[in-house]
Amino acid sequence: MRRRDLSGAGRGAAMPVTADAANSADTTPARHRPPRVLALLAAAHGGPALAVTVITGLLALRGGLHPFHAVAVTAAVFTGQLTIGWGNDLLDLARDRAVGRTDKPLAVGSLPAGWVARALAVAAVASLVLSAFGGWRSALVNVVLATGAGHAYNLGLKATPWSWAPYACGFGTLPSVVTLAGPAPDWAPGWMTGAGAALGVGAHLLNVLPDLADDERTGVRGLPHRIGEHLSRVLAAVLLTAASVLAVAGPAGPPPAWTWPALALVVVLAVVTLCARGRAPFRAAVTIALLDVVLLTAG
């Protein structure tokens with residue numbers, strides 16, 4: 001899910017660029033170029049990809065999967081996330097250059113597009129193979145609904161009022177990628193799916209806020225662009241708080257004692273998100289998202 005470097009996961013509508021065009025702009029002095037491996041990780045939006053992978057790994061550990069299956073499913077999600085990040089930067093290359101994105105290895109010419117295209121192909125094959133080890137149900141959900149949602153976002157949904165839908169789908173089905181790989185394959189509980197979906201949409205709203213001006217310049221008008229920065233921040237706070245409530249109240253039995261202080265902190269942070277000024281609301285909302293992850297995986 002295209003993320004700025006919390007499904008994590010945007011720029012404008014897809015605009016394919018050839019490898020030759022990217023290579024022709026490779027004029028960055030060699031001494032200023034990061035190692036190619038680090039550049040590849042940056043182009044894959046490595047931070048958000050690792051965050052989604054950690055969530056999957058924690059869910060797999062909590063879900064009682066056989067160690068081999070837990071590793072395979074987690075690796076399948078990770079490689080799928082890599083394809084989403086690389087696909088996004090390849091498709092958005094012209095737009096990233098147009099707005100002067102110096103944080104993008106492809107846009108500044110420090111990473112050839114051919115490298116990224118080949119890495120994407122390898123990661124896609126790896127994700128398909130690894131997904132199969134979790135069983136056909138888990139594989140289908142990961143490839144079509146989780147990873148597939150990210151590519152649907154990259155390929156055009158991010159520039160429509162439905163930009164939130166891939167995040168809801170990708171994060172909402174992520175728990176089921178794990179539970180369908182278990183010894184008794186089944187869909188994740190409704191509360192977990194709902195919490196994941198709310199977390200994903202909240203993350204989308206937060207993720208796009210720093211890019212609103214650049215996106216408008218290149219013709220991208222997803223949901224956050226249409227409702228504006230203030231309403232996007234308010235909606236993100238509401239959704240992230242809802243995810244916290246679902247994660248605490250959803251599991252069977254009484255919630256652990258530690259979850260109540262965590263939920264109280266979420267409420268305080270939500271008030272900060274709605275009332276504070278400057279960077280404080282964004283930081284508070286990101287903290288809520290991190291607490292949501294803890295509550296979701298603990299539940």
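Report on the accompanying structure. These figures come from a predicted structure and were not determined experimentally. Residue positions are counted from 1 within each chain, in the order its sequence is given. A pLDDT threshold of at least 70 governs which residues receive local features in this predicted model, and a stricter bar of 80 or more applies before side-chain atom pairs are shown or counted, although totals over entire chains, interfaces and linings include all residues. Only hydrogens and water are set aside; all other atoms, that is, all heavy atoms of the structure, feed into the side-chain values.

### Focus on empty space enclosed by the protein
Rolled over the atoms, a probe with the dimensions of a water molecule shows which regions are left empty. Just so we agree on the cut-off: Think of a 1 Å grid over just the protein atoms. A cavity is a set of points where a 1.4 Å probe fits yet cannot get out, a pocket is an open set with protein on both sides within 12 Å along at least five of seven lines, and lining residues have an atom within 4 Å of a point. Grid points are joined across faces, edges and corners, and a volume is the space filled by probe spheres set on the points. Only DSSP runs of H or I with at least four residues qualify as helices, and only runs of E with at least two residues qualify as strands; both kinds are numbered from the N terminus onward. Three classes are used, and their members are as follows: Ala, Val, Leu, Ile, Met, Phe, Trp, Tyr, Cys and Pro are nonpolar, Asp, Glu, Lys and Arg are charged, and the others, Gly among them, are polar.
As a volume, the second largest cavity reaches approximately 40 Å³. Take the lining of the second largest cavity: its biggest share by element is 3 residues, from helix H9 (residues 165–179). Of the residues that constitute the lining of the second largest cavity, the class distribution is 7 nonpolar, 1 polar and no charged.

### Structural notes on helix H3 (residues 46–62)
For an α-helix, 3.6 residues make a turn, and residues three or four places apart therefore share a direction. Definition in use: Every helix has an expected span of 1.5 Å times one less than the residues it contains. Only protein chains enter the accessibility calculation, which uses a 1.4 Å probe. A residue is then buried if its area is under 20% of the maximum for its type, exposed if over 50%, and partly exposed in between. Here a residue-residue contact requires only that any non-hydrogen atoms of the pair lie within 4.5 Å.
Under the 1.5 Å per step criterion, the end-to-end length of H3 is 24 Å for 17 residues, consistent within 8% with the ideal 24 Å. Turning to H3, its buried residues number three or more, namely Gly46, Pro48, Ala49, Val52, Thr53, Ile55, Thr56, Gly57, Leu59 and Ala60. The elements touched by buried residues of H3 are helix H2 (36–43), helix H4 (67–91), H9, helix H10 (190–208) and helix H15 (280–298). Following H3 by one or two positions, Gly64 has its phi on the positive side, about 75°.

### Here's the deal with the packing of aromatic side chains
Rule in force here: Whether two aromatic rings pair depends on their centres lying within 6.5 Å, for rings of Phe, Tyr and Trp, where Trp uses its six-membered ring; planes under 30 degrees apart make the pair stacked, over 60 edge-to-face, and the rest tilted.
Enumeration over the complete set of coordinates arrives at 4 aromatic pairs. Where Tyr153 meets Tyr167, the ring centres are 5.3 Å apart and the plane angle is 85°; that geometry is what we call edge-to-face. Of this pair, Tyr153 sits in helix H8 (residues 136–154) while Tyr167 is found in helix H9, placing the two residues 14 residues apart along the sequence. Since its relative accessible area comes to 1%, Tyr153 is described here as buried. Geometrically, the ring pair formed by Tyr167 and Phe171 is stacked, given 6.3 Å between the ring centres and 10° between the ring planes. Taken together, the residues span about one helical turn, with Tyr167 and Phe171 both in helix H9 at a distance of 4 residues. Considered together, Tyr167 and Phe171 belong to a single accessibility category, that of buried residues.

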